[in-house]
Structure formats: C-alpha cells, structure tokens
Amino acid sequence: MQAFDQIQELWQKHDVEVKLSADEMLQQAKKEVNGLKFKSALNIFGMLASFIAIAALWMFYHFNSWTTHVGISITMIAIGVYTLILYRDHRLISKTDYTLHPNEYLNNLKSYQLNRYKLYNSLYWFYTVALSLGIIFYFVEILGHFNIYQKMVAIGSTALWILFCSTILRKAVIKREKERISLLIEKFERISSQISSIDQI
C-alpha cells in the first residue's frame, strides 16, 4: 500500500508536468489494465467455447470417414494448445497487483508484450496451418454430401476467411495491441522511475 501512496503523492506533485491529477492517472491506468485483462479473458473464453462446440459436434454427430476424425483431432489440439498459451499470458498480467508492485507489473507487461509478439508471428502460423489441415481432413467426408456449387462456396468462403484473418485482421489486431501495451509499459516505466527517485531522496 505504501507504493500506491507514493504513486499518488508523486502524481499530485507533478500535475503541472503531467496535466493529470493522481486520481485521474490511477483511474486511467486501472481502466487500461482492466481492459487488457478483460480482452485476454474474452479470448480465452472464445477459444474454450470453440473447443467445446467442436467436441460436442464430434461426440453427437456420427462421422464415417477416418479423415474427419483426424481433422477434428488436429483442430481441437491446435485450439487447446493456443488456449493454454493465452491462459499463460493472462496469468502473467493478472497475478500481480500493479498498485502495490509497479516494477514487477512492468516486468510482467514486458514479458506479456514479447509473448504476444511470438503468438502473433511464429505461433500464429502454426495455428493457421494446423487449422487448415484440420479443415482439409474434415472436408474430405463433408464435401461428399454437397453438390458442386455448395463445394465451391464452402471451400471458397473458408479459404477467404483464413486469408482475411491471416492478413488484414491479424495486422490490425497486432497494431492496436502493440500500441496499447507500449503505452501501458511507458506509463509504468514513468511511474517506476519516479518512485525510484522518491526512494533515493
């Protein structure tokens, strides 16, 4: 609690330089941290819902071809691994109280930023390739029930969706998240350096 009081006192002293009161700055940081946690939790719940929906489809619908079972297995493994990675990152930003330990939280944010970079680059392509393979194996049996136009629509829309998510959507998400996390890191670096200067006095 002492660190929190130091942060509040520091911001009250520097409101001419920062142009924000201590309460406003802490409120803004709290809002941004909670937004980051909420978005992270929402991603995890979305992935879990996908996993459960695919598992339910697998359990309650009878498939004849082994390729369908392989496709669903690959898809579920990819979703499961990605969900575990998201959960690990969520714990990284949720386990430390930023008002009590701003330096520790800053280090966790930097690790989170690095993990997200890996997630959206190399790990994302693993996920995309695994999902694509799963869909290809799944389509071997399913497309047999469709006429030629339905097959073209199913394959075309799936390919376009994967292409859209891998290019336009991915780049927009990376840019927005990078800016958001960088801004938060900058704020906590400023707070940490000012607390250090107070401790030295």
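Above this text is the structure in question.
Everything numeric here is computed off the predicted structure, so don't read it as measured data. (Residues numbered from 1 in each chain as written. Predicted model: local features only at pLDDT ≥ 70, side-chain atom pairs only at ≥ 80, totals over all residues. Heavy atoms only, no water.)

On to the overall build of the protein, then. If you tally the helices and strands in the protein, you get seven helices and zero strands. The helix and strand sequence of the protein, counted from the amino end, reads α-α-α-α-α-α-α. In the protein, buried positions account for 38% of the 201 residues. Long-range contacts, defined as pairs at least 24 residues apart, comprise 77% of the intrachain contacts of the protein with a sequence gap of at least 6. About 12,300 Å² of surface is accessible on the protein, with carbon and sulfur atoms providing 66% of the total. (Helix = DSSP H or I, 4+ residues; strand = E, 2+ residues; numbered from the N terminus. Buried < 20%, exposed > 50% of the residue type's maximum accessible area, 1.4 Å probe, protein only. Contact = heavy atoms within 4.5 Å. Areas by Shrake-Rupley, 256 points an atom, 1.4 Å probe, with all protein chains shown as cover.)

Below, the discussion takes up the nonpolar core. Counting residues in hydrophobic clusters, the biggest one holds 13 residues, and the most contacted among them are Met47, Ile79, Tyr82, Leu86, Leu119 and Tyr127. It is helix α4 (residues 66-94) that contributes the most residues to this core, five residues altogether. Contacts of Tyr82, omitting those with residues within four sequence positions, involve Met47, Leu119, Leu123, Tyr124 and Tyr127. Formed by twelve residues, the second largest nonpolar core is a distinct cluster that contains Ile93, Tyr112, Leu184 and Phe188. (Core = buried A, V, L, I, M, F, W, Y, C linked by side-chain atoms within 4.5 Å.)

A cluster of nonpolar residues, Trp161, Phe164, Ile168 and Leu169, forms a patch on the protein surface that exposes about 410 Å² of accessible area. Looking at the secondary structure, you find Trp161 in helix α7 (residues 148-200). (Patch = residues over 30% accessible without salt bridge, like charges linked within 9 Å, V, L, I, M, F, W, Y side chains within 5 Å. Salt bridge = Lys/Arg side-chain N within 4 Å of Asp/Glu carboxyl O.)

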